[in-house]
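# Fold and geometry: a report
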Amino acid sequence: MAAQISPSILSADFAKLADDVALIADAADWVHVDVMDNHFVPNLTLGLPVVEALLKHSALPLDCHLMIEDPDRWAPQYAEAGAGSVTIHVEAAKAPVRTLRTIRAAGARAGLGINPATPVEPYEDLLGEIDMLLLMTVEPGFGGQRFLDVVLPKVRRAREMIKGRDLPVWLQVDGGVSAETIERCADAGADVFVAGNAVYGSGDPAEAVRALRGKAEHATSGAAWSR
Ligand SMILES: O=C(CO)[C@@H](O)[C@H](O)COP(=O)(O)O
Ligand SMILES: [Fe+2]
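Residues numbered from 1 in each chain as written. Chains lettered and ligands numbered in written order. Predicted model: local features only at pLDDT ≥ 70, side-chain atom pairs only at ≥ 80, totals over all residues. Heavy atoms only, no water.

An unreviewed UniProt entry lists the protein under the name Ribulose-phosphate 3-epimerase, from Actinomadura fulvescens. Listed in UniProt under the heading Catalytic activity (unreviewed entry), the comment for the protein reads: "D-ribulose 5-phosphate = D-xylulose 5-phosphate". UniProt, in its Pathway (unreviewed entry) section for the protein, records the words "Carbohydrate degradation." (UniProt positions renumbered as here; feature names shortened; annotations may be inferred.)

See below:
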């Protein structure tokens, strides 16, 4: 699958989200929406009402990343509202299989998120239940953090697991993804790239997305996993 770029609006201007989403509409594949509840992570961002409002103004599908304590309760509502993709965290979900199936039944892609210190192997049997695996490459909670190289071996193992099972599961990396780090992520096996600061912290967000895509596709074409 070709590389996909999902800019995170965590680094956009929350007072003009619709305008900032429009800036990347012709360049990106998704809009990554970080939902934080100040319990699962030590930060508070936005919730369902803002997502519902944004859905009316975004030409791109919303990629909702739920960093909240009770995803089993809330994730289905994001899917029913019209999110294109809803990701729940393994560290928070108490009934992940049921919740992932409910997300899919509501017509959204189902994602499973994994923090940097959480191993991926225990979740191999859930790969058939998901459309995307999200591997955090920073500790969740804030944009603009430094990329954690220590996660790259896990990205490689996750790609091997997905390839081994021959499943159409996308592998997303989230956190510290930039022009300096995206090639390492693509080489390790990632095919969906979240970037907040690297896109909205730049003077030209659309051009930043195009540059990231170019680097990711170049690295993917030379990567062993893509052959
Ligand atoms: O989920 C998160 C943070 O918890 C991310 O989506 C960040 O928002 C990505 O921002 P950058 O690290 O690219 O600035
Ligand atoms: Fe995120």
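### As for the UniProt feature "binding site: a divalent metal cation" (unreviewed entry) in the protein
In the UniProt entry, the feature "binding site: a divalent metal cation" (unreviewed entry) is given for His32, Asp34, His65 and Asp174. These annotated residues cover 143 residues of sequence, and their C-alpha atoms all fall within 10.5 Å of one another, placing them together at a single site. Relative to the helices and strands, His65 resides in strand E3 (residues 62–67). Of the polar contacts made by the side chain of His65, one reaches the side chain of His32; its length is 3.4 Å. Here Asp174 is to be found in strand E7 (residues 170–174). Those residues in contact with Asp174 that sit more than four places away from it in its chain are His32, Asp34, His65, Leu134, Leu135, Met136, Thr137, Val138 and Val194. Within polar-contact distance, the side chain of Asp174 engages the side chain of His65 at 3.1 Å. (Helix = DSSP H or I, 4+ residues; strand = E, 2+ residues; numbered from the N terminus. Polar contact = N/O pair within 3.5 Å; in protein donor to acceptor, adjacent residues only side chain to side chain. Contact = heavy atoms within 4.5 Å.)

### Things to note about the site of ligand 1
Taken together, 20 residues sit near ligand 1, with Asp34, Gly141, Gly144, Asp174 and Gly196 positioned nearest. At 3.1 Å from an oxygen atom of ligand 1 is found a side-chain nitrogen or oxygen belonging to Ser8. A distance of 2.8 Å separates an oxygen atom of ligand 1 from a polar atom in the backbone of Gly176. Notes on ligand 1: free accessible area 380 Å², of which the protein chains cover 99%. Elements that contribute at least two residues to the shell around ligand 1 include exactly strand E2 (31–36), E3 and strand E8 (192–195). Looking at the shell around ligand 1, the element that brings in the most residues is E2, giving 3 residues. Considering only residue class, the shell around ligand 1 consists of 8 nonpolar, 10 polar and 2 charged. (Near = heavy atom within 4 Å. Areas by Shrake-Rupley, 256 points an atom, 1.4 Å probe, with all protein chains shown as cover. Nonpolar A, V, L, I, M, F, W, Y, C, P; charged D, E, K, R; others polar.)

### A short note on the coordination of the iron ion (ligand 2)
Only His32 (NE2), Asp34 (OD), His65 (ND1) and Asp174 (OD) from the protein reach the iron ion (ligand 2) as donors, at distances of 2.0 to 2.3 Å. Mapping the donors of the iron ion (ligand 2) onto the primary sequence yields the spacing H-x1-D-x30-H-x108-D. Of the two residues, Asp34 sits in strand E2 while Asp174 sits in strand E7, which places them 140 residues apart along the sequence. Each member of the pair, Asp34 as well as Asp174, is classed as buried. (Donors = N, O, S within 2.8 Å, 3.2 Å for Na, K, Ca; no water. Buried < 20%, exposed > 50% of the residue type's maximum accessible area, 1.4 Å probe, protein only.)

### Quick notes on the pattern of salt bridges
Pairing of side chains with opposite charge becomes possible as their charged atoms draw close. Applying the stated criterion across every chain yields a total of 11 salt bridges. Here Arg157 and Glu121 are joined by a salt bridge, their closest N and O atoms 2.7 Å apart. With a gap of 36 residues between them, Arg157 in helix H5 (residues 152–165) and Glu121 in the loop between strand E5 (109–114) and strand E6 (132–136) connect regions that are remote in the sequence. Taking the relative accessible area as the measure of exposure, Glu121 reaches 36% and is therefore partly exposed. (Salt bridge = Lys/Arg side-chain N within 4 Å of Asp/Glu carboxyl O.)

### Some details on the pairing of E8
Side chains Val192 and Val194 project from E8 onto one buried face, and the interleaved Phe193 and Ala195 project onto a second face that is buried too. The pairing of strand E1 (residues 4–7) with E8 spans 4 bridges and is classified as parallel. When the sheet's bridge partners are listed, Pro7 is paired in E8 with Ala195. In this region the chain leaves E7, passes through helix H6 (residues 182–188) and returns to the parallel neighbour E8; the handedness of that crossover is right-handed. (Pairing = 2+ DSSP bridges. Right-handed = clockwise from strand over helix to strand, strands pointing away.)

### Section: the packing of aromatic side chains
Taken as a whole and assessed by the stated rule, the structure comprises 1 aromatic pair. Ring plane angle 75° and centroid distance 6.0 Å describe the contact between Trp30 and Trp170, whose orientation is recorded as edge-to-face. On the criterion of sequence distance, the pair formed by Trp30 in the loop between helix H1 (17–23) and E2 and Trp170 in strand E7 is long-range, its members being 140 residues apart. A relative accessible area of 16% means that Trp170 is categorised as buried. (Phe/Tyr/Trp six-rings, centres within 6.5 Å; stacked < 30°, edge-to-face > 60°.)

### A look at the side chain of Thr87
Its place among the elements puts Thr87 in strand E4 (residues 85–89). Judged by relative accessible area, which is 0%, Thr87 ranks as buried. In this view, Thr87 contacts Cys64, His65, Leu66, Gly111, Leu112, Gly113, Met132 and Leu134; residues no more than four positions away in its chain are not counted.

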